[in-house]
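Structural overview for review
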Amino acid sequence: MRRFIPRRAQVLPAPPAPSSASGIRSASCRVRGAAGPRFQTQGRKLKTLEAKAFDTMELAANASAAEIKTRYKELVKKHHPDANGGDRGSEERFRAVIQAYQLLKQAGFC
């Protein structure tokens, strides 16, 4: 059997410092998700699916992340199949709420 010998990691030089004070950024700004897409989506028009997700969750389009999460928990408890004796209509609503929350989460609203 051959023994695996890992290669040494290549050390890259540090990026040059910006020349102006306005161009200074912390390292966390360059990390994906550090600033969060939530701040980028506040100023734009909602996409069709995002608007439908807010309607499904029965929330206003300017709802905060905490409001979205609280409403999600309320609706999931209300429409869970175990809480409704297997009612098919409630089960469909349960799936729609989960899908809406996942879409809002992926879009960066929460």
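The structure presented is a predicted model; accordingly, all values stated were derived computationally and were not measured. (Residues numbered from 1 in each chain as written. Predicted model: local features only at pLDDT ≥ 70, side-chain atom pairs only at ≥ 80, totals over all residues. Heavy atoms only, no water.)

1. Looking at the overall build of the chain
If you tally the helices and strands in the chain, you get five helices and zero strands. Walking the chain from its N terminus toward its C terminus, one meets helices and strands in the order α-α-α-α-α. Counting every position in the chain, which comprises 110 residues, the buried fraction comes to 22%. Excluding contacts between residues fewer than 6 apart, the proportion of contacts in the chain whose partners are at least 24 apart in sequence is 51%. On the chain, roughly 9,300 Å² of surface is accessible, and the fraction owed to carbon and sulfur atoms is 53%. (Helix = DSSP H or I, 4+ residues; strand = E, 2+ residues; numbered from the N terminus. Buried < 20%, exposed > 50% of the residue type's maximum accessible area, 1.4 Å probe, protein only. Contact = heavy atoms within 4.5 Å. Areas by Shrake-Rupley, 256 points an atom, 1.4 Å probe, with all protein chains shown as cover.)

2. Some words on helix 3 (residues 48–56)
Among the residues making up helix 3, those that are buried are E50, A53 and F54. Along the axis of helix 3, the buried residues cluster in a sector spanning 100 degrees; they form a single face. Residues T48, L49, K52 and D55 are exposed on helix 3 and point more than 90 degrees away from its buried face. Looking at the packing, one finds that the buried side of helix 3 touches helix 4 (65–79) and helix 5 (88–107). Trailing helix 3 by a residue or two, E58 shows a phi angle of about 55 degrees, which is positive. (Arc of directions from axis to C-beta.)

3. Looking at unusual backbone geometry
The backbone phi angle of E58 is positive, close to 55 degrees, even though this residue is not glycine. With respect to the helices, strands and loops of the structure, E58 is situated in the loop between helix 3 and helix 4.

4. Details of the packing of aromatic side chains
Under the definition given, this model contains two aromatic pairs. Their ring planes at 85 degrees and their centres at 5.3 Å tell us that F54 and F109 sit as a pair that is edge-to-face. Placement of F54 in helix 3 and of F109 in the segment after helix 5 is noted, with a sequence separation of 55 residues between them. Neither residue differs from the other here; F54 and F109 are each classed as buried. When the centroid spacing of 4.0 Å and the interplanar angle of 15 degrees are considered together, the rings of Y72 and Y101 count as stacked. Of this pair, Y72 sits in helix 4 while Y101 sits in helix 5, and the two are 29 residues apart along the sequence. The pair Y72 / Y101 is uniform in exposure class, with both members buried. (Phe/Tyr/Trp six-rings, centres within 6.5 Å; stacked < 30°, edge-to-face > 60°.)

5. So, a positive patch on the surface
Taken together, the side chains of K69, K73, K77 and K105 define a basic patch exposed on the protein surface. In terms of residues, the positive patch owes the most to one element, helix 4, which gives three residues. With respect to the secondary-structure elements, K105 resides in helix 5. (Patch = residues over 30% accessible without salt bridge, like charges linked within 9 Å, V, L, I, M, F, W, Y side chains within 5 Å. Salt bridge = Lys/Arg side-chain N within 4 Å of Asp/Glu carboxyl O. Lys, Arg positive; Asp, Glu negative; His and termini not counted. Charge placed at Lys NZ, Arg CZ, Asp CG, Glu CD.)

Interpretation in functional terms is not warranted from these geometric data alone.
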